[in-house]
Amino acid sequence: IILLLIPNSFENPNYERFQQVKAEVLSVDNHQVQDMGILNSGLQICEIKILQGPNKGEIVSADNLLSGSLETDKLYEAGDKALVLSDFRDSNSVKATLVDLYRLPYELILVAIFVLLLVCFAGWVGVRAILSFIFTMLSIFKILIPLFLKGIHPILLGAGVTILTSTVIILLVY
């Protein structure tokens, strides 16, 4: 619980106006997309409806820059739900960039199934394993990375966090 209360001291004030929101693709313009076999490059311009955040309900134009990479490029179609990075320049202007398909509900379902199966098969040991996993993730993101960024000696810090998490895991699971 203490780890959850530790504030993030590395928030950049330059990014306050940016927000990741869910949006629905209403229409697409593929005139600037160049088809190169299985790869695409160029710019896909989509008209989207923002479904979350302070600009909820607004219809704006969003860019999808295609670089010719199968791993990162996605061509959107009307009706797709997308994760969008919105730049609120002022109250009248929203610049949006499509990041990826919006998969959060499916990911949460997979996590819930994993937790349920772990608890069903392992019982209380499964519950303690989940708690130790949460503690380990919080230790990495709330202790290890911030202290690395502050310049603490990485080997000593890594050893200390490893000893701490190993001790907690052993006490919780065994």
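Small disclaimer: the values here were computed from a predicted structure and weren't measured.

(A) Spatial organisation of the pattern of salt bridges. This structure, assessed with the given rule, holds four salt bridges. Across the pair E24 and K81 runs a salt bridge, and its minimum N-O distance is 4.0 Å. In this pair, E24 sits in strand β1 (residues 18-36) while K81 sits in strand β4 (residues 81-90), placing the two residues 57 residues apart along the sequence. Overall, the relative accessible area of 32% leaves K81 in the partly exposed class. The closest approach of N and O atoms between K95 and D63, which form a salt bridge, is 2.8 Å. Taken as a pair, K95 in strand β5 (residues 93-101) and D63 in strand β3 (residues 59-67) lie far apart in primary sequence, 32 residues in all. For K95, a relative accessible area of 32% corresponds to the partly exposed category. Through salt bridges with shared partners, a single ionic network connects K74, D100 and R103.

(B) Looking closely at the nonpolar core. Residues I48, V84 and L98 are the most contacted members of the largest nonpolar core, which totals 14 residues. If you list the elements that add at least two residues to this core, you get β1, β2 (39-50), β3, β4 and β5. If we skip the residues at most four places from it in the chain, I48 touches A23, E24, V25, L26, E58, I59, V60, A62, V84, A96 and L98. L3, I143, L144 and L157 belong to the second largest nonpolar core, which has six residues in total.

(C) How the structure looks around the pairing of β2. For β1 and β2, the ladder comprises 11 bridges, and the chain directions are antiparallel. The residue of β2 that forms the bridge with D35 is N40. In sequence, β1 turns back onto β2 through a hairpin of two residues, with G37 there showing a positive phi of about 75°. For β2 and β3, the ladder comprises nine bridges, and the chain directions are antiparallel. Paired with E47 across the two strands is S61, which belongs to β3.

What counts as what
Each residue is numbered by its place in its chain's sequence as written, counting from 1. Totals for whole chains, interfaces and linings use all residues, but because this is a predicted model, local features are given only for residues with pLDDT of at least 70 and pairs of side-chain atoms are given and counted only at 80 or more. Water and hydrogen atoms were dropped before computing side-chain values, which therefore reflect all heavy atoms in the structure. One side-chain nitrogen of Lys or Arg within 4 Å of one carboxyl oxygen of Asp or Glu is enough to make a salt bridge. Here a helix means four or more residues in a row that DSSP labels H or I, a strand means two or more in a row labelled E, and each is numbered from the N terminus. Here's how the labels work: a residue is buried when its accessible area is under 20% of the maximum for its type, exposed when over 50%, partly exposed in between, all with a 1.4 Å probe on protein chains only. What makes a nonpolar core is a set of buried Ala, Val, Leu, Ile, Met, Phe, Trp, Tyr and Cys residues whose side-chain atoms join them at distances within 4.5 Å. Residue contacts are defined here by distance: any two heavy atoms, one from each residue, within 4.5 Å place the two residues in contact. Pairing between strands is defined by DSSP: at least two bridges between them are needed.

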